[in-house]
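A closer look at the structure
In case you want the letters, here they are:
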Amino acid sequence: MGSFLHFHPLGLDFQLKKMVKKIIDLRSDTVTKPTEAMIAAAANADVDDDVLGYDPTASRFEAEIARISGKEAALFVPSGTMANLISVLVHCEVRGSEVILGDNCHINIYENGGISTIGNVHSRTVKNNSDGTMDIDLIEAAIRDPQGDLYYPSTRLICLENTHANVGGRCITAEYTDKVGELAKKHGVKLHIDGARIFNASTALGVPVHRLVQAADSVSICLSKGLGAPIGSVIVGSKNFIAKAKILRKTLGGGMRQVGFICAPAYVALQENVGKLEGDHKKAKIFADGLNRISGLRVDKSSVETNMVFFDILEDSHIMVDQLCKILKEHGVLMMPVSTSSIRIVLHHQITESDVQYAISCTQQAILQLQSERNGK
Ligand SMILES: Cc1ncc(COP(=O)(O)O)c(C=O)c1O
Ligand SMILES: C[C@@H](O)[C@H](N)C(=O)O
């Protein structure tokens, strides 16, 4: 799977809005709009100053997500990027720390190198396999020898990502995570899971979230992805870890006052949308099958485990990704180019099965249009 090209929000010009009645936004599961229930929850939230004291709605929400994840405590933060940044920096609070992470993971590619530029943490990448894991023996080989501290950074953390976005939203099993956790303990290092889509993994594997993250010392969980909240992520971990995370959140400017106003919609998302994830996964499989029936396109069906579909435009089709996305945009279908020959689509609860069929049909028509233009017909 490629990484994103220069990602610029696909701005919608006025003409586009005139031409189509509905935008089918498949760029990400981050694009959902708050539901009426979420808006009502925000408007009626019981709030207070969460810096001077605590916001009651935030506290209730944090307690609930700590319970679900099987951890002692939780902390609401504005984004998944901040959740990962804070988690890594708390684990690696000693100068000269190093984190081991996948070469294709979100923290390594899409978070502006914040763990280094802000946190002075050195990162050491290990190749991500096509299923999102890293070979256990390669992780162990990357752990620095404490005897070499005159030369080497000190390994303090290993990061996993579940589901793994850049390999297609694939799930990491509890058994694999446990093995990495055992390795971490053996070497006295900690384990963080970027669980932006951990609920998708839980749904697809049929394994509770608390079991998937049992071996982790900390987890970041996004409410703003497939769960459909407008804003927010949560860090879960021990009480001591979360206490340190709360201070660092404030240091980073993430201390929020009446935060219940945005926790309330996130709470609604947690209560109402976990059950919809299975439908998102089903729509992804339907989409993948539909694309595979279009000549010139290919989807590796084995990689479609959750709500993401990456598809390739075959070289002999002579079709450019940007050409295809442009025509689809004119028909109200938005997709995310991830390389010069592949495109990502992400399903979410605001995409219907008929939207899926319409998008497949538009893709088929666009391909035919481009091929006939190329053949000069
Ligand atoms: C796997 C993963 N982790 C972390 C993030 C960061 O979340 P946010 O966009 O809320 O910063 C994302 C994307 O949004 C993601 O896909
Ligand atoms: C763009 C990327 O950062 C985001 N996490 C997504 O999956 O859409």
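Heads up: these notes are all about the structure in this document. Since we're looking at a predicted model, the values are computed, not measured.

The rules behind the values
- Residues numbered from 1 in each chain as written.
- Chains lettered and ligands numbered in written order.
- Predicted model: local features only at pLDDT ≥ 70, side-chain atom pairs only at ≥ 80, totals over all residues.
- Heavy atoms only, no water.
- Pairing = 2+ DSSP bridges.
- Helix = DSSP H or I, 4+ residues; strand = E, 2+ residues; numbered from the N terminus.
- Axes fitted to C-alpha atoms, helices over the stretch in contact; angles between N-to-C directions.
- Contact = heavy atoms within 4.5 Å.
- Near = heavy atom within 4 Å.
- Polar contact = N/O pair within 3.5 Å; in protein donor to acceptor, adjacent residues only side chain to side chain.
- Areas by Shrake-Rupley, 256 points an atom, 1.4 Å probe, with all protein chains shown as cover.
- Nonpolar A, V, L, I, M, F, W, Y, C, P; charged D, E, K, R; others polar.
- Buried < 20%, exposed > 50% of the residue type's maximum accessible area, 1.4 Å probe, protein only.
- Arc of directions from axis to C-beta.

**Comments concerning the sheet that holds strand 7 (residues 218-222)**
- The 7 strands are arranged 2-8-7-6-5-3-4 in an open sheet whose pairing can be described as mixed. With partners counted over all chains shown, the strands left at the sheet margins are strand 2 (73-77) and strand 4 (122-126), one partner each. Within the sheet, the average angular offset between the axes of one strand and its neighbour, ignoring direction, is 20 degrees.
- Where strand 6 (residues 190-195) and strand 7 come together, 4 bridges link them in parallel fashion. Considered in strand 7, the bridge of His 192 is made with Ser 218.
- Across the face of the sheet, helix 3 (residues 56-69) comes into contact with strand 2, strand 7 and strand 8 (233-237) while running at roughly 125 degrees to strand 2.

**Things to note about the site of ligand 1**
- Looking at ligand 1, the residues that line it are Ser 79, Gly 80, Thr 81, Asn 84, His 106, Glu 111, Glu 161, Asp 194, Ala 196, Arg 197 and Lys 225.
- Between ligand 1 and Thr 81, the relevant distance is 2.6 Å, taken from an oxygen atom to a side-chain nitrogen or oxygen of the residue.
- Residue Arg 197 places a side-chain N or O atom 2.8 Å away from an oxygen atom belonging to ligand 1.
- Relative to its unbound accessible area of 380 Å², ligand 1 is 83% covered by the protein chains.
- No other element matches the 3 residues that helix 4 (residues 80-91) contributes to the shell around ligand 1.
- Here the shell around ligand 1 is composed, by residue class, of 1 nonpolar, 5 polar and 5 charged.

**Some words on helix 2 (residues 36-43)**
- Three or more residues of helix 2 are buried, namely Met 38, Ala 41 and Ala 42. With its buried residues spanning 100 degrees around the axis, helix 2 presents them on a single face. The exposed set on the far side of helix 2, more than 90 degrees from its buried face, consists of Glu 36 and Ala 43.
- Those residues of helix 2 that are buried lie in contact with helix 12 (260-273).

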